[in-house]
Amino acid sequence: MLQALLFLFMGLAGSAGPGHYGMRVLAYRQQLDRGLPFAPGTEDGGFAYSWWLMCFGYTKFKDSGMNLFAGNAAVMGWITLIGITGTTIAIALKN
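Here the structure is a predicted model, which is why all the values come from computation and not from measurement.

### Thoughts on helix α1 (residues 2-34)
Here α1 contains 33 residues, and its C-alpha end-to-end distance of 47 Å stays within 8% of the 48 Å for a straight helix at 1.5 Å per residue. Taken together, the buried positions of α1 are Leu6, Phe9, Ala13, Ala16, Gly17, His20, Arg24, Ala27, Gln30 and Gln31. Looking at the packing, one finds that the buried side of α1 touches α2 (47-54) and α3 (64-94). Positive backbone phi, approximately 70 degrees, marks glycine 35, located one or two places after α1.

What follows is the structure in structure tokens.
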């Protein structure tokens, strides 16, 4: 049973992780191209920017392109986080 859960969670993290990264890059470019302001500490597009997207901070812009890219990045980010957490717990329980 634990092996099946481990496989499931690794699959979640492995598929949603690259999607989150790709959509994060597109959201960052959209924000730069439109001249939308960055939240403090998110200007470099790193982990803080990912967290800002996952907390749906972009919704205040009401920009359709930003909603598309950032919304997908946010949802995929949460799925990746669930997958990483589940993988860690499944490995800890297996040992």
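### Considerations on the packing of α1 against α2
For any two helices packed against each other, one specifies the crossing angle of their axes together with the interaxial distance. Put simply, α1 and α2 touch, their axes get as near as 11 Å, and they point 90 degrees apart. When the axis of α1 is compared with that of α2, the two are roughly perpendicular. Only Phe47, Tyr49, Ser50, Trp52, Leu53 and Met54 of α2 make contact with α1, whose side of the interface consists of His20, Arg24, Ala27, Tyr28 and Gln31. Tallied by class, residues from the contact of α1 with α2 come to seven nonpolar, three polar and one charged.

Cut-offs used in this document
Residues numbered from 1 in each chain as written. Predicted model: local features only at pLDDT ≥ 70, side-chain atom pairs only at ≥ 80, totals over all residues. Heavy atoms only, no water. Helix = DSSP H or I, 4+ residues; strand = E, 2+ residues; numbered from the N terminus. Expected span 1.5 Å × (residues − 1). Buried < 20%, exposed > 50% of the residue type's maximum accessible area, 1.4 Å probe, protein only. Contact = heavy atoms within 4.5 Å. Axes fitted to C-alpha atoms, helices over the stretch in contact; angles between N-to-C directions. Parallel < 35°, antiparallel > 145°, perpendicular 65-115°, else oblique. Nonpolar A, V, L, I, M, F, W, Y, C, P; charged D, E, K, R; others polar.

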